[in-house]
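Each chain, written out:
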Amino acid sequence: DICRGGLTLIVGPPSAGKSLVANTIVAMAKVPTLAFLLDTNELAGSARYATILTGDPYRDVKRGLMEGERKYIEALATMEDIQAVFYAAGMDEIQLQLDAYEQRFGLPPDVLLLDNMGNQASAFDNEWAVLKAMTLELDLLARREQCAVIATHHTTDLESCEPAARTKILGKVTQYPRLVLSCGFNPETGELKIGIVKNSEGRTDVKAQDP
């Protein structure tokens, strides 16, 4: 379970579906959410959510939004629970946006989504240390604000389409998250698999052998 007061990591190599899974969760949850979409822009982020809501192909949705197609604009209008932010250089800016959210709505969000951690840590020489510190800060933020924090993060590149084992997560950042989900996507079959490679309150499949 993804719970308040804890950090959940959704991991995978590039194009493995981790952003899809994370954004589908918040789109379907329909609870107050502050979403940091740091690996995309406004058009692509909007098209991603409209695709989740309508089930239409992403390319068609993106083109439809550019042309002002009413179907997709109305779909996005139903997502009033999600406040999206497309730039945050570090944890200080995340906290600033969180404070602004609370000042506007009176309460912190139920969910804070960070997609993805690498967009903040990659600029530093000591990237792995920054990533580990970031997971601690996100875990403390979740406890302090009593919200569910969901963050996406990369694993090493794999030739296999199967979910990566916990040891393949970049930076070894699994100490603080309570739940870590590893995604694997097969583009030929359209099959998406998710391994529970860490679970503080249940069965853990460290090697992602039973996704």
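Here, every reference points to the structure presented above.
Quick caveat, the model's predicted, so the values are computed rather than measured. Per-chain numbering applies: the sequence of each chain, read as written, is numbered from 1 onward. For a predicted model such as this one, the threshold for reporting local features is a pLDDT of at least 70, and the threshold for listing and counting side-chain atom pairs is 80 or more; totals across whole chains, interfaces and linings nevertheless cover every residue. Hydrogens and water are ignored here; the side-chain numbers use all heavy atoms of the structure.

Caption draft 1: Looking closely at the pairing of strand E4 (residues 111-115). Only protein chains enter the accessibility calculation, which uses a 1.4 Å probe; a residue is then buried when its area is under 20% of its type maximum, exposed when over 50%, and partly exposed in between. Secondary structure elements are taken from DSSP: a helix is a run of H or I of four residues or more, a strand is a run of E of two residues or more, and numbering for both begins at the N terminus. Among the five residues of E4, five are classified as buried, and the element is accordingly described as predominantly covered. Of the two faces of E4, the one lined by Val111, Leu113 and Asp115 and the one lined by Leu112 and Leu114 are each fully buried. In this scheme, strands are said to pair when DSSP sees at least two bridges between them. Relative to E4, strand E2 (residues 33-37) is paired through five bridges, and the arrangement is parallel. Residue Phe36 lies in a different strand from E4, and its bridge partner there is Leu114.

Caption draft 2: Seen up close, the pattern of salt bridges. Basic side-chain nitrogens of Lys or Arg form a salt bridge, by our definition, when they fall within 4 Å of a carboxyl oxygen of Asp or Glu. This structure, assessed with the given rule, holds eleven salt bridges. The salt bridge involving Asp110 is made with Arg4; its shortest N-O contact spans 3.1 Å. Of the two residues, Asp110 is situated in the loop between helix H5 (91-105) and E4 and Arg4 in the segment before strand E1 (7-12); the sequence distance between them amounts to 106 residues. One salt bridge connects Asp115 with Arg48, and the closest N-O pair in it is separated by 3.4 Å. In this pair, Asp115 sits in strand E4 while Arg48 sits in helix H2 (residues 42-54), placing the two residues 67 residues apart along the sequence. Of the residues examined, Asp115 reaches a relative accessible area of 0% and is grouped as buried. Since its relative accessible area comes to 21%, Arg48 is described here as partly exposed.

Caption draft 3: Structural view of unusual backbone geometry. Going from Asp115 to Asn116, the amide bond is cis rather than trans, its omega being 5°. Within the fold, Asn116 resides in the loop between E4 and helix H6 (118-121). Despite not being glycine, Lys30 shows a phi value in the positive range, around 55°. Residue position: Lys30 is located in the loop between helix H1 (18-29) and E2. In the Ramachandran plot, Gln146 falls in the positive-phi region, its phi being about 55° despite a non-glycine side chain. Position of Gln146 relative to the elements: it lies in the loop between helix H7 (127-145) and strand E5 (148-154). Look at Gln146 and you get partly exposed, because its relative accessible area is 45%.

Caption draft 4: Highlighting the nonpolar core. Here, the term nonpolar core denotes a set of buried Ala, Val, Leu, Ile, Met, Phe, Trp, Tyr and Cys residues that are joined through side-chain atoms within 4.5 Å. Membership of the largest hydrophobic core comes to 29 residues, with the highest contact counts inside it found for Phe36, Ile94, Leu112, Leu114, Leu138, Leu141 and Val149. For this core, the secondary-structure elements that each account for two or more residues are E1, E2, H5, E4, H7 and E5. At six residues, H7 tops the list of elements feeding residues into this core. Note on contacts: a residue pair qualifies if any of its non-hydrogen atoms lie within 4.5 Å across the two residues. Contacts of Val149, omitting those with residues within four sequence positions, involve Gly6, Leu7, Thr8, Leu112, Leu138, Leu141 and Ala142. Among the nonpolar cores identified, the runner-up in size contains 18 residues, and Ala27, Ala35, Ile52 and Leu113 belong to it.

Caption draft 5: Expanded view of a nonpolar patch on the surface. Residues qualify for a patch when their relative accessible area is over 30% and they have no salt bridge, like charges being joined within 9 Å and the nonpolar side chains of Val, Leu, Ile, Met, Phe, Trp and Tyr within 5 Å. Method for areas: the Shrake-Rupley scheme with a 1.4 Å probe, in which residue coverage is limited to the protein chains shown. A cluster of nonpolar residues, Leu20, Phe185, Leu192 and Ile194, forms a patch on the protein surface that exposes about 290 Å² of accessible area. Within the secondary structure, Leu20 is located in helix H1. On the accessibility criterion, Leu20 (44% relative accessible area) is partly exposed.

Caption draft 6: Highlighting the environment of Tyr58. Of note, Tyr58 is situated in helix H3 (residues 58-66). For the pair Tyr58 and Ala47, spaced eleven residues apart in sequence, the C-alpha separation works out to 6.6 Å. Not counting residues up to four positions away in its chain, the partners in contact with Tyr58 are Ala44, Ala47, Arg48 and Thr51.

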